[in-house]
Amino acid sequence: MEAVTVEGVTKTFRIYKERASTLKERLIRKDRNRFDSFLALDNVSLTIKKGSTVGLMGRNGSGKSTLLKLLTGILYPDQGTIRMKGKVSSLLELGAGFHPDFTGRENIYMNASILGLSKREINRKLNDIILFSELGKYIENPVKNYSSGMYMRLAFSIAIMVEPDILLIDEVLAVGDAAFQQKCMDQLIKLKRNGTTIVFVSHDLGAMEKLCDRVVWISKGKIVEDGSPRKTIDKYLSFLAEEENKRLISEQDTDNSSKEHERDAVEEESVISRDPSTDVDENRWGNKNVEIYEVELLDKQFKSKLSYLSNEPLNIILKYRVNVAVQKPIFGIGIFTIDHINCYGTNTHIDQYYIEELKENETGNIEIQIPSLHLGTGTYLLSVAVHDENGHQFDYHDKKYSFKVSSLSNETGIIKLNPKWLQRSGEF
Ligand SMILES: Nc1ncnc2c1ncn2[C@@H]1O[C@H](COP(=O)(O)OP(=O)(O)OP(=O)(O)O)[C@@H](O)[C@H]1O
Ligand SMILES: [Mg+2]
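Residues numbered from 1 in each chain as written. Chains lettered and ligands numbered in written order. Predicted model: local features only at pLDDT ≥ 70, side-chain atom pairs only at ≥ 80, totals over all residues. Heavy atoms only, no water.

## Side note on the layout of surface pockets
Thinking step 1. In this structure, the second largest pocket spans a volume of roughly 500 Å³.
Thinking step 2. Every residue lining the second largest pocket is counted, 25 residues in all, and those nearest its centre are Ile333, Tyr344, Thr346, Ile368 and Ile370.
Thinking step 3. Counting residues per element, the ones that place at least two in the lining of the second largest pocket are strand S15 (330-337), strand S16 (342-347) and strand S18 (363-370).
Thinking step 4. It is S18 that contributes the most residues to the lining of the second largest pocket, six residues altogether.
Thinking step 5. Class assignment of the residues belonging to the lining of the second largest pocket gives a composition of 15 nonpolar, eight polar and two charged. (1 Å grid on protein atoms, 1.4 Å probe; cavity = no way out; pocket = protein on both sides within 12 Å on 5 of 7 lines; lining within 4 Å. Points joined across faces, edges and corners; volume = space filled by probe spheres on them. Helix = DSSP H or I, 4+ residues; strand = E, 2+ residues; numbered from the N terminus. Nonpolar A, V, L, I, M, F, W, Y, C, P; charged D, E, K, R; others polar.)

## Thoughts on unusual backbone geometry
Thinking step 1. Of note in this structure, Lys220 is not a glycine but carries a positive phi near 50°.
Thinking step 2. For Lys220, the position within the fold is in the loop between strand S8 (214-219) and strand S9 (222-227).
Thinking step 3. A positive phi angle, near 65°, is found at Lys288, a position not held by glycine.
Thinking step 4. Relative to the helices and strands, Lys288 resides in the loop between strand S10 (284-285) and strand S11 (290-298).

## Section: the nonpolar core
Thinking step 1. With 50 residues, the main nonpolar core has Ile108, Leu154, Phe156, Ile169, Leu188 and Phe200 as its most contacted residues.
Thinking step 2. For this core, the leading source of residues is helix H5 (residues 148-161), giving ten residues.
Thinking step 3. When neighbours within four sequence positions are excluded, Phe156 is seen to be in contact with Leu91, Phe132, Ile169, Leu173, Cys184, Gln187 and Leu188.
Thinking step 4. With 32 residues, the next largest nonpolar core counts Ile366, Ile370, Leu373 and Val384 among its residues. (Core = buried A, V, L, I, M, F, W, Y, C linked by side-chain atoms within 4.5 Å. Buried < 20%, exposed > 50% of the residue type's maximum accessible area, 1.4 Å probe, protein only. Contact = heavy atoms within 4.5 Å.)

## A closer look at the site of ligand 1
Thinking step 1. Every one of the 14 residues lining ligand 1 counts as a neighbour, but Gly61, Gly63, Lys64, Ser65 and Thr66 are closest to it.
Thinking step 2. The side chain of Asn60 places a nitrogen or oxygen atom 3.0 Å from an oxygen atom of ligand 1.
Thinking step 3. Between Lys64 and ligand 1, the recorded distance is 2.7 Å, taken from a side-chain N or O atom to an oxygen atom.
Thinking step 4. Within the residue set of the shell around ligand 1, elements represented by two or more residues are strand S1 (2-16), strand S2 (35-49) and helix H2 (64-72).
Thinking step 5. A per-element tally of the shell around ligand 1 places H2 first, with three residues.
Thinking step 6. The class makeup of the residues in the shell around ligand 1 is four nonpolar, seven polar and three charged. (Near = heavy atom within 4 Å. Polar contact = N/O pair within 3.5 Å; in protein donor to acceptor, adjacent residues only side chain to side chain.)

## Digging into the pattern of salt bridges
Thinking step 1. Inspection of the entire model under this criterion finds 23 salt bridges.
Thinking step 2. A salt bridge links Arg321 to Glu291, with the shortest nitrogen-to-oxygen separation between them at 3.7 Å. Here Arg321, found in strand S13 (residues 314-322), pairs with Glu291, found in strand S11; they are 30 residues apart in sequence, far enough to count as distant.
Thinking step 3. For Arg321, a relative accessible area of 33% puts it in the partly exposed group.
Thinking step 4. Within the structure, one salt-bridge network assembled from shared partners comprises Glu134, Arg153, Asp177 and Lys183. (Salt bridge = Lys/Arg side-chain N within 4 Å of Asp/Glu carboxyl O.)

## Some words on the environment of Asp128
Thinking step 1. Residue placement: Asp128 occurs in helix H4 (residues 119-133).
Thinking step 2. We classify Asp128 as partly exposed; its relative accessible area is 42%.
Thinking step 3. In this structure, the C-alpha to C-alpha distance between Asp128 and Glu163, residues 35 residues apart in sequence, is 12 Å.

## Digging into helix H6 (residues 178-193)
Thinking step 1. For H6, with 16 residues, the first-to-last C-alpha span of 23 Å sits near the 22 Å given by 1.5 Å per residue.
Thinking step 2. Those residues of H6 not exposed but buried are Phe180, Cys184, Met185, Gln187, Leu188 and Leu191. Each buried residue of H6 lies within a common arc of 165° when the element is viewed along its axis, so the set occupies one face. In H6, the exposed residues that point more than 90 degrees away from the buried face are Ala178, Ala179 and Arg193. (Expected span 1.5 Å × (residues − 1). Arc of directions from axis to C-beta.)

## As for H2
Thinking step 1. Three or more residues of H2 are buried, namely Lys64, Thr66, Leu67, Leu68, Leu70 and Leu71.
Thinking step 2. Of the residues one or two after H2, Gly73 is the one with positive phi, at around 95°.

## Concerning the packing of aromatic side chains
Thinking step 1. Inspection of the entire model under this criterion finds ten aromatic pairs.
Thinking step 2. An angle of 65° between the planes, with centres 5.3 Å apart, marks the rings of Trp217 and Tyr236 as edge-to-face. Taken as a pair, Trp217 in strand S8 and Tyr236 in helix H8 (residues 229-269) lie far apart in primary sequence, 19 residues in all. By the burial criterion, Trp217 is buried, and Tyr236 matches it.
Thinking step 3. On the numbers, 5.4 Å between centres and 40° between planes, the contact of Tyr320 with Phe331 is tilted. (Phe/Tyr/Trp six-rings, centres within 6.5 Å; stacked < 30°, edge-to-face > 60°.)

## With respect to the domain arrangement of the protein
Thinking step 1. Under the domain assignment, the protein is made up of domain 1 (2-228) and domain 2 (238-264 + 283-406).
Thinking step 2. Measuring from the centre of the C-alpha atoms in domain 1 to the corresponding centre in domain 2 gives 46 Å. (Domains from an automatic or database assignment.)

## Topic: the packing of helix H3 (residues 104-114) against H4
Thinking step 1. Orientation of H3 relative to H4, taken along the N-to-C sense of each, is 130°, at an axis distance of 10 Å. As judged from the angle between their axes, H3 and H4 are oblique. Where H3 crosses over H4, the two elements pack in a sense that is right-handed. On the side of H3, the interface is formed by Arg105, Ile108, Tyr109, Ala112 and Ser113, while H4 contributes Lys119, Ile122, Asn123, Leu126, Ile129 and Ile130.
Thinking step 2. A class-by-class count of the residues in the contact of H3 with H4 yields seven nonpolar, two polar and two charged. (Axes fitted to C-alpha atoms, helices over the stretch in contact; angles between N-to-C directions. Parallel < 35°, antiparallel > 145°, perpendicular 65-115°, else oblique. Left-handed = near helix turned anticlockwise from the far one by under 90°.)

In structure tokens:
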């Protein structure tokens, strides 16, 4: 049986243009539109089975909260229909539905009666609500003096104690402290077990995966994916990594072009007497007998990429130019966290890949193939180097390159060990 049915729902908002302030402006603007229409939800259809828990995820402004507000009845659709079966309780924006001058206790009465409880029912549940919220004596204070976490505690406690058939939650849990968040999560799992239908909006994909039977991804007001949490979250993360990649590459391009402009300007000024020793780069040193003139990070299709998923392959290309012939050069790489903890370092010597010599004026490239990035979520810095057998640097680029890694699972730390767990009875 369906608890929620959304059919062909479209919602547009009017964005009002700045008001004309002078009479002249008003006369000039008279015949123009005073507002733009913004399509927040575009022909959305969705059914949610009774007793299931469905997560809504998507980037900021994609329409998740708008959809929840339509389900609650705070907003009405322009087109389409919405049917909800049973008592609906919702946790939307923080403090929505509370009267700021009333105390926590008074707001419980007000809020719970709006949700359809009689005074007697509220009296019966009052203590449980206050106990669950852990607000203690603060329950007698006006809620306008509450912190965000305290608002959330009160709102969550009321929303669950009214024993709704359908519970709608919009992100608010994130403002609770870790202990209360865990308590809320446990409570949601309990409600789910008792057959409550839950619609859960969150940017915490770990919580989403833990709680939801199904996840719906909304982008620009449309459903783009609807399926098992793992599959949908995976696709969403790949999409985010791709978006982030585009951003990082365009950032790098503007960075490089502004550096080129700077360099052009400097070269124009000092074209007559250019002293290479004044060409200082704090993150680069060496005698430049061999020069690494470009470093590229590529994905498995050899496309330039700066944002990776854990366990994805990474190829690093070091393009070099030889200014002075050298014997037995060694190329190396190091990967660091942004607080400069060395995660991994290796070189051609360690990996027993020997290069006998590099001839003067030779150019070439070194490709380092990493089959799988066993790194946790975070930003990492890359150092690259070429030096001689004794460690004398030809060219060292110290943490000059960065890339991002995102991981679907919730393990902590910087490396992924991919363990297998086994339980056996008796002695080992
Ligand atoms: N009352 C409103 N008037 C005008 N535009 C609105 C209104 N409410 C929402 N919007 C717009 O509709 C779009 C969807 O907003 P919505 O709040 O649903 O996004 P969301 O997916 O919940 O984002 P977030 O992750 O940031 O909470 C946004 O572009 C927003 O600016
Ligand atoms: Mg929102």
